[in-house]
Amino acid sequence: MDIRTIREQAFAMPFTNPAFPRGPYRFINREFFIISYRTDPDRLRAVVPEPLQITSPIVNFEFIRMPDSTGFGDYTESGQVIPVTLDGVAGNYTHAMYLNDHPPIAGGRELWGFPKKLATPRLNVHTDTLVGELDYGPVRIAEATMGYKHRALDGAAIRQGMAATPNFLLKIIPHVDGTARICELVRFYLQDVTVHGAWSGPSSLALFPHALAPVADLPVLEVIEARHIVADLTLALGDVVYDYLK
């Protein structure tokens with residue numbers, strides 16, 4: 001294999017059989033269960049990187065079921081997303097993500113900088129209740145419930161919010177000597193969004209301590225609302241909005 005071939009064909013590791021394919025990455029019938037809750041503002045400020053700013057002590061805990069994902073297959077993920085602003089524009093910062101499928105873990109970390117770790121999230125309907133569960137190894141770290149489709153939400157407004165809102169990630173890739181080779185604030189958007197339905201209902205959320213999956217470090221002080229959304233969308237690639245090494 002010559003140098004020119006490597007330069008022209010290198011995409012992801014391993015070189016001859018990358019862990020994930022090139023995009024675009026389309027998701028069909030992607031199911032979101034999002035619980036918004038109030039947390040400790042000091043703890044929230046400690047984990048949101050500048051130049052992002054928080055305007056209120058709110059966290060969105062998400063369970064996302066993805067049965068049909070281009071290149072990534074069928075999987076579920078869960079994590080914490082924090083509403084932020086950058087230069088006065090409202091967006092979302094992804095603080096933690098846990099999922100059960102290697103290709104989107106590798107692709108998410110390498111391409112965008114998603115903070116993904118291997119775990120076991122589940123999103124199911126049990127009789128009259130939407131139930132989200134997240135286990136790290138054998139240990140339960142999150143449980144959420146919502147009354148199933150109690151109140152319909154405005155699908156057009158949900159779609160507009162999903163498509164127009166910037167999303168931010170802190171991408172870190174180390175050098176071979178252990179120092180940071182890449183340390184960037186990355187922005188991405190959701191594209192070609194079609195909302196099939198959106199609902200709300202009474203909800204609950206419980207988080208439990210874990211040394212390596214510290215979701216409970218942003219404690220639940222009050223549940224604000226919950227949303228259940230089913231949509232098709234494309235996960236767009238990103239751009240760098242701040243380089244911490246320059």
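Per chain, residues are indexed from 1 in the order of the written sequence. Per-residue local features of the predicted model are confined to residues with pLDDT of at least 70, and side-chain atom pairs are confined, for both listing and counting, to 80 or more; whole-chain, interface and lining totals are unaffected and use all residues. The basis for every side-chain value is the complete set of non-hydrogen atoms in the structure, without hydrogens or water.

## A short note on the side chain of Glu184
Consideration 1: What counts as a helix is a DSSP run of H or I of at least four residues, what counts as a strand is a run of E of at least two, and both are numbered from the N terminus. Note on placement: Glu184 falls in strand S11 (residues 180-188).
Consideration 2: Of the side chains with opposite charge, Lys171 lies nearest to the buried Glu184, which makes no salt bridge, at 5.2 Å.
Consideration 3: When neighbours within four sequence positions are excluded, Glu184 is seen to be in contact with Leu169, Leu170, Lys171, Val240, Tyr242, Asp243 and Tyr244. To sort residues, take the accessible area from a 1.4 Å probe on protein chains only and compare it with the maximum for the residue type: under 20% means buried, over 50% means exposed, and anything in between is partly exposed. Neither His nor the chain ends contribute to the count of charged residues, in which Lys and Arg are positive and Asp and Glu negative. For this analysis, a salt bridge means a side-chain nitrogen from Lys or Arg found within 4 Å of a carboxyl oxygen belonging to Asp or Glu. For this analysis, residues touch if any pair of their heavy atoms sits within 4.5 Å.

## As for the UniProt feature "active site" (unreviewed entry) in the protein
Consideration 1: UniProt positions are given in the numbering used here, feature names are shortened, and annotations may be inferred rather than shown by experiment. Within the UniProt annotation, "active site" (unreviewed entry) is assigned to Lys116.
Consideration 2: You can see Lys116 is positioned in strand S5 (residues 116-118).
Consideration 3: What Lys116 contacts, discounting residues up to four positions off in sequence, is Glu77, Met97, Leu99, Pro104, Ile105, Gly108 and Arg109.
Consideration 4: A distance of 3.4 Å separates a polar atom in the side chain of Lys116 from a polar atom in the side chain of Glu77. Side-chain atoms alone can form a polar contact between residues adjacent in sequence; in general such a contact is a pair of N or O atoms within 3.5 Å, and within protein one must be able to donate a hydrogen while the other accepts it.

## Here's the deal with the pattern of salt bridges
Consideration 1: Within the structure shown, the criterion is met by twelve salt bridges.
Consideration 2: Salt-bridge contacts for Arg140 lead to Glu143; the nearest nitrogen and oxygen are separated by 2.7 Å.
Consideration 3: According to the relative accessible area criterion, Arg140 is partly exposed, its value standing at 25%.
Consideration 4: Glu225 serves as the salt-bridge partner of Arg227, at 3.7 Å between the closest nitrogen and oxygen.

## Considerations on the nonpolar core
Consideration 1: We call a set of buried Ala, Val, Leu, Ile, Met, Phe, Trp, Tyr and Cys residues a nonpolar core when their side-chain atoms join them within 4.5 Å. By size, the foremost hydrophobic cluster in this structure holds 34 residues, and its most contacted members are Phe33, Phe61, Phe63 and Ile82.
Consideration 2: Put simply, the parts of the chain that give this core at least two residues each are strand S1 (25-38), strand S2 (58-69), strand S3 (73-86), strand S4 (89-99), strand S7 (129-136), strand S8 (139-147) and strand S13 (203-207).
Consideration 3: Residue contributions to this core peak at four residues, all from S8.
Consideration 4: Those residues in contact with Phe61 that sit more than four places away from it in its chain are Phe33, Ile34, Ile35, Tyr37, Ser78, Gly79, Gln80, Leu134, Ala142, Leu205, Leu207 and Val215.
Consideration 5: Grouped together as the second largest cluster of nonpolar side chains are 29 residues, Phe114, Leu169, Val186 and Phe188 included.

## Quick look at the pairing of S7
Consideration 1: For S7, the buried fraction is high: six of the eight residues fall into the buried class.
Consideration 2: At least two bridges found by DSSP between two strands are what make those strands a pair. Relative to S7, strand S6 (residues 120-126) is paired through seven bridges, and the arrangement is antiparallel. Residue pairing across strands places Thr120 opposite Asp135, the latter belonging to S7.
Consideration 3: Between S6 and S7, which follow one another and run antiparallel, lie two residues, and Thr127 among them has a positive phi close to 55°.
Consideration 4: Sheet analysis places S7 next to S8, joined by eight bridges and oriented antiparallel. Across the sheet, Thr129 pairs through a bridge with Gly147, a residue of S8.
Consideration 5: Following S7, the chain reverses through two residues before pairing antiparallel with S8; Gly137 in that reversal takes a positive phi of roughly 65°.

## As for the sheet that holds S6
Consideration 1: An order of S6-S7-S8-S13 is seen for the four strands of this open sheet, with the pairing classed as antiparallel. On the outer flanks of this sheet lie S6 and S13, each paired with one strand and no other. Taking each pair of neighbouring strands and ignoring which way they run, the sheet shows an average axis angle of 10°. All axes are obtained by fitting lines to C-alpha atoms, using only the stretch in contact for helices, and the reported angles, taken between N-to-C directions, cover 0 to 180 degrees.

## Brief notes about the packing of aromatic side chains
Consideration 1: A pair of aromatic rings is counted whenever rings of Phe, Tyr or Trp (Trp by its six-membered ring) have centres within 6.5 Å, and the orientation is called stacked for planes under 30 degrees apart, edge-to-face for over 60 and tilted otherwise. Evaluated as defined, the whole model comprises ten aromatic pairs.
Consideration 2: With a centroid separation of 5.0 Å and 0° between ring planes, the pair formed by Tyr25 and Phe72 is classed as stacked. With Tyr25 in strand S1 and Phe72 in the loop between S2 and S3, the pair connects residues that are 47 residues apart, well separated along the chain. Both residues of the pair, Tyr25 and Phe72, belong to the buried class.
Consideration 3: Ring centres 5.5 Å apart and planes at 65° place the aromatic pair Tyr25 and Trp112 in the edge-to-face group. Taken as a pair, Tyr25 in strand S1 and Trp112 in helix H3 (residues 102-112) lie far apart in primary sequence, 87 residues in all.
Consideration 4: A residue is classified by how much of its surface remains accessible, and Trp112, at 2% relative accessible area, is buried.
Consideration 5: Cation over ring: Lys149 sits above Trp199, and NZ or CZ is 4.2 Å from the ring centre. Comment: the charge-over-ring label is applied if NZ (Lys) or CZ (Arg) is within 6 Å of the ring centre and within 35 degrees of the ring normal.

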